[in-house]
Amino acid sequence: MLKEEIDQLLSKYNISLKDLPKIKLNDPAVKLLDAKEGDVLEIKRKSKTAGEYNYYRFVVK
């Protein structure tokens, strides 16, 4: 996510980066996306009951 998008996300939910769920740098999905430590990943999932929803992970070492 871009810096501006991260700032909007944190502001929207009134949280800081440390409050986001974490994902390890050595996770296969992180490697596939070529994410770096400190990045925030937006993950979209589909649900029969909720439709599509997003969740976010903060990449840590």
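Draft legend 1. Region of interest: the pairing of strand β2 (residues 40–47). Here β2 pairs with strand β3 (residues 51–60) via eight bridges, running antiparallel. Its bridge partner being in β3, lysine 46 is matched across the sheet by glutamate 52. In this structure, the hairpin formed by β2 and β3 is closed by a connection of three residues.

Draft legend 2. The arrangement of the sheet that holds β2 in detail. Within the open sheet, the three strands sit side by side as β1-β3-β2. Their pairing is mixed. Of all strands in the sheet, those bounded by a partner on one side alone are β1 (22–24) and β2. Averaged over neighbouring strand pairs, the angle between their axes works out to 45° when direction is ignored.

Draft legend 3. Quick peek at the environment of proline 21. With respect to the element layout, proline 21 can be found in the loop between α1 (3–13) and β1. Take proline 21: its relative accessible area is 37%, and that puts it in the partly exposed class. Proline 21 sits 35 residues away from tyrosine 56 along the chain, and the two C-alpha atoms are 7.0 Å apart. Sequence-distant contacts of proline 21, defined by excluding residues within four places in its chain, comprise Tyr56, Arg57 and Phe58.

Cut-off values and rules
- Residues numbered from 1 in each chain as written.
- Predicted model: local features only at pLDDT ≥ 70, side-chain atom pairs only at ≥ 80, totals over all residues.
- Heavy atoms only, no water.
- Pairing = 2+ DSSP bridges.
- Helix = DSSP H or I, 4+ residues; strand = E, 2+ residues; numbered from the N terminus.
- Axes fitted to C-alpha atoms, helices over the stretch in contact; angles between N-to-C directions.
- Buried < 20%, exposed > 50% of the residue type's maximum accessible area, 1.4 Å probe, protein only.
- Contact = heavy atoms within 4.5 Å.

Limitation: the analysis is restricted to geometry and does not speak to function.
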